[in-house]
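Summary of structural features
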Amino acid sequence: MTPDPSTAPGSSPARSIRPALFALAIGGFGIGATEFAAMGLLPELAADLLPELHRSDPDAALGRAAMLVSAYAIGVVVGAPTLAAWLARFPRRPVLIALAGAFALASIATAAAPTFELAVLARFVSGLPHGAYFGIAGLAAADLMGPGMRGRGAASVLLGLAVSNVLGVPLITAIGHATSWRVAVLTIAAIFAVATVAIALTLPRGEHGPGTSIRTELSALRRPGVWIAVAIGSIGFAGFFAVYSTVASLTTEVAGLPATAVPWLLAVVGLGMTAGNLLGGRLADGGAIRTLIGLMPVFSVLLAGTALLAPFPIPLTIGLFLIGTVGSVMVPSVQVRLMDVAGDAHTLAAALNHSALNIGNAIGAAVAGALISWGWGFVSPLWAGALLGLVGFLCAWLSRAVERRSRR
C-alpha cells in the first residue's frame, strides 16, 4: 500500500497547516503584547506599585518602574539558551503547549503581584519562555511547511509579534488606561490561554523535535560563528531599538506633532514590521547571509536619512515605516544564519536569535538614553543607530569570511 504523502514527516496535510500556523502566531501575538505594552503602561505601574515614591517624585518612580521592562528582557536573555537546550530533546507539541501555558500563568502572577519587587520577579519569569517559544515554534512551523522553509517558518510565527505591534499593544495599552494595568495584563493572560488551547487542538501530534541532547545543543556555543551571528542581531539591530524607544520624542519634540500622533507613528512602525516580516522569510530561505550583507548598509542609510528629515512629519513617517520594514525583513535571516553555523543545535540557535534581539533592545535603549541625557538631542539615536548598523554589516561580512575560511 502506497503511503499518503500528506502524512510523511515534514509534510502535514494542507488543511491542518494554516490553523496550526495561526495558533503558533497567536502565541507570538501575546508575546508582543506582554513585551511592549508595559512601556505604555509605565505611569500606571509606577503609581500603583510605587505609590509613595510616585507622590513625592513622579519622574523617579517612572524611572524605577522601567525595571519592569528590563526584567522581562533579562528573562529573555537568560531563558532563551537554557530552556531551548533543555527542551530540545522533547516532542515540540507538548513543549509549545507548556510554554504558552507558562506565559499565561506568569501573566496572571504579574497581575496579582502585591508589591513592586514581586512584579519585577514575575516579569523576569514571564521573559524566560520567550526565546524558547519563538525558536521551537519556528522550527515546528518550518516542519509543517516542508523542506527549505526555515525562514518562512520563523516569519510565520514572528508575524504574530509584528501584528501585535499594530493592534495588540495599542489595544492592551488602551485597556490599561481605561481600567487598570492589572486588567490589561489579565487580558494578555487570556490571549496566552487561547494560544495554549489552539496549539493543543491544531498542532499535529506527529510533529517531533530532533531529539538532541543538552550537550549537543550547548556545544554550539563553542563555535565562533555562532557568536558572530549573535553579534549581528545584538549590535546590528540595536539601532532599530534606539529609534523605537524615542519615537515619542521624535514625534513631539523634533517633528512638532501633538502627543496624540505618537500611537499612530508607533502603528506605522508596526505596519512596516508586518510588511517586512511577510518578505523576510522568503529572503532568508533564499540566502540568509547574503540578505544580511545586502540590507544592513541599506538599514544604516535609512536611519541616517530619517535623521536628516526628522523635523518634517511626512518624511519622518515614511522613514519610520521603512526602518520597521527593513529591520523586520532581516530578523528571519539572523535566525536562519544562526541555524546554519550552529551544527545540529538548531533549537538553541533559533532561540538565541531572540536573546540577541533583546540584547540589542538593551543596547539601543541605553545608547539613546545616554545620548539624550548628554544633550546631543533627540535625533542623535538615529545617527548612532546608523553606525551600529554598519557594525552589524561588518559582523555579517566577517561571518561569511569565517565560514569560507573554515571550508578551505
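Structure first, text after, so check above.
The structure displayed is predicted, hence computed values, not measured ones. (Residues numbered from 1 in each chain as written. Predicted model: local features only at pLDDT ≥ 70, side-chain atom pairs only at ≥ 80, totals over all residues. Heavy atoms only, no water.)

1. Digging into the overall build of the chain
Within the chain, the secondary structure is distributed over 17 helices and 0 strands. Its C-alpha atoms give the chain a radius of gyration of 21 Å, within 12% of the compact-globule value 22 Å for 408 residues. Dimensions of the chain, computed from C-alpha atoms along their principal axes, come out at roughly 75 × 50 × 35 Å. Here the chain holds 408 residues, and the buried ones make up 54% of them. (Helix = DSSP H or I, 4+ residues; strand = E, 2+ residues; numbered from the N terminus. Rg over C-alpha atoms; globule rule 2.2 N^0.38 Å. Buried < 20%, exposed > 50% of the residue type's maximum accessible area, 1.4 Å probe, protein only.)

2. Regarding the pattern of salt bridges
Tallied over the entire structure, the rule returns 5 salt bridges. Here Arg337 and Glu403 are joined by a salt bridge, their closest N and O atoms 3.2 Å apart. Of the two residues, Arg337 sits in helix α15 (residues 313-341) while Glu403 sits in helix α17 (residues 380-407), which places them 66 residues apart along the sequence. (Salt bridge = Lys/Arg side-chain N within 4 Å of Asp/Glu carboxyl O.)

3. Examining the packing of helix α2 (residues 42-49) against helix α4 (residues 58-65)
Two elements in contact, α2 and α4, have axes separated by 9 Å at closest approach and are oriented at 105°. Relative to α4, the element α2 lies roughly perpendicular. Residues Leu42, Pro43 and Ala46 of α2 lie in contact with α4, whose contacting residues are Ala61, Leu62 and Ala65. For the contact of α2 with α4, a count of residues per class yields 6 nonpolar, no polar and no charged. (Axes fitted to C-alpha atoms, helices over the stretch in contact; angles between N-to-C directions. Parallel < 35°, antiparallel > 145°, perpendicular 65-115°, else oblique. Contact = heavy atoms within 4.5 Å. Nonpolar A, V, L, I, M, F, W, Y, C, P; charged D, E, K, R; others polar.)

4. Regarding the side chain of Ser126
Examined against the element boundaries, Ser126 turns out to sit in helix α7 (residues 116-145). Apart from residues no more than four positions distant in its own chain, Ser126 is found in contact with Tyr72, Phe103, Ala106, Ser107 and Thr110.

5. Things to note about the side chain of Arg123
Note on placement: Arg123 falls in helix α7. Here Arg123 sits buried without a salt bridge, and the closest side chain of opposite charge, Glu35, lies 7.6 Å off (N-O distance). (Lys, Arg positive; Asp, Glu negative; His and termini not counted.)

6. Some thoughts on the nonpolar core
Burial of nonpolar side chains together is a common tendency in soluble globular proteins. Counting 113 residues, the largest nonpolar core has Leu24, Leu96 and Tyr133 as its most contacted members. Sort the elements by how many residues they give to this core and helix α14 (residues 262-309) lands first, with 13 residues. Among residues more than four places away in sequence, those in contact with Leu24 are Leu96, Tyr133, Ala137, Ala141, Val157, Ile199 and Leu203. (Core = buried A, V, L, I, M, F, W, Y, C linked by side-chain atoms within 4.5 Å.)

7. Observations concerning empty space enclosed by the protein
Applying the stated criterion to the full structure yields 4 cavities of 30 Å³ or more. What lines the largest cavity is a set of 21 residues, among which Leu161, Phe241, Met273, Val331 and Leu357 lie closest to the centre. Broken down by secondary-structure element, the contributors of at least two residues to the lining of the largest cavity are α1 (14-40), α8 (150-178), α12 (238-244), α14, α15 and α16 (346-373). Per-class residue counts for the lining of the largest cavity are 11 nonpolar, 9 polar and 1 charged. In this structure, the second largest cavity encloses a volume near 140 Å³. Lining the second largest cavity are 15 residues, and of these Thr34, Ala38, Thr110, Arg123 and Val185 sit closest to its centre. Those elements that provide at least two residues to the lining of the second largest cavity are α1, α6 (92-112), α7 and α9 (181-202). Examining the composition of the lining of the second largest cavity, we find that 4 residues originate from one element, α9, more than from any other. A breakdown of the residues in the lining of the second largest cavity according to their chemical character gives 10 nonpolar, 4 polar and 1 charged. (1 Å grid on protein atoms, 1.4 Å probe; cavity = no way out; pocket = protein on both sides within 12 Å on 5 of 7 lines; lining within 4 Å. Points joined across faces, edges and corners; volume = space filled by probe spheres on them.)

8. Side note on the layout of surface pockets
What the largest pocket holds in volume is close to 1,300 Å³. Around the largest pocket, the lining comprises 41 residues; the ones closest to its centre are Met39, Gly40, Leu42, Tyr244 and Ser245. Per element, the largest residue contribution to the lining of the largest pocket is 8 residues, and it comes from α16. Tallied by class, residues from the lining of the largest pocket come to 27 nonpolar, 12 polar and 2 charged.

9. Re a nonpolar patch on the surface
On the surface, Leu271, Ile314, Ile318, Phe321 and Leu322 cluster together into a nonpolar patch covering about 440 Å² of accessible area. It is α15 that provides the largest number of residues to the nonpolar patch, a total of 4 residues. Here Leu271 shows up in helix α14. For Leu271, a relative accessible area of 44% translates into the label partly exposed. (Patch = residues over 30% accessible without salt bridge, like charges linked within 9 Å, V, L, I, M, F, W, Y side chains within 5 Å. Areas by Shrake-Rupley, 256 points an atom, 1.4 Å probe, with all protein chains shown as cover.)

10. Points about the environment of Phe299
Considering the arrangement of structural elements, one finds Phe299 in helix α14. Along the backbone, Phe299 and Leu139 are 160 residues apart, and their C-alpha atoms lie at a distance of 27 Å. If sequence neighbours within four positions are ignored, Phe299 has contacts with Gly236, Phe240, Ile323, Val326, Gly327 and Met330.

11. Notes on the packing of aromatic side chains
Across all of its chains, the model carries 7 aromatic pairs by this definition. Judged by centre distance (5.7 Å) and plane angle (55°), the ring pair of Phe36 and Tyr244 falls under tilted. With a gap of 208 residues between them, Phe36 in helix α1 and Tyr244 in helix α12 connect regions that are remote in the sequence. For the residue pair Phe36 and Tyr244, the accessibility class agrees, reading buried in each case. With a centroid separation of 4.6 Å and an interplanar angle of 10°, the aromatic rings of Phe103 and Phe192 are classed as stacked. Residue Phe103 is located in helix α6, and its partner Phe192 is located in helix α9; the two are separated by 89 residues in the primary sequence. Accessibility expressed as a relative area gives 1% for Phe103, which makes it buried. Linked through ring pairs, Phe36, Phe240, Phe241 and Tyr244 together constitute an aromatic cluster. (Phe/Tyr/Trp six-rings, centres within 6.5 Å; stacked < 30°, edge-to-face > 60°.)

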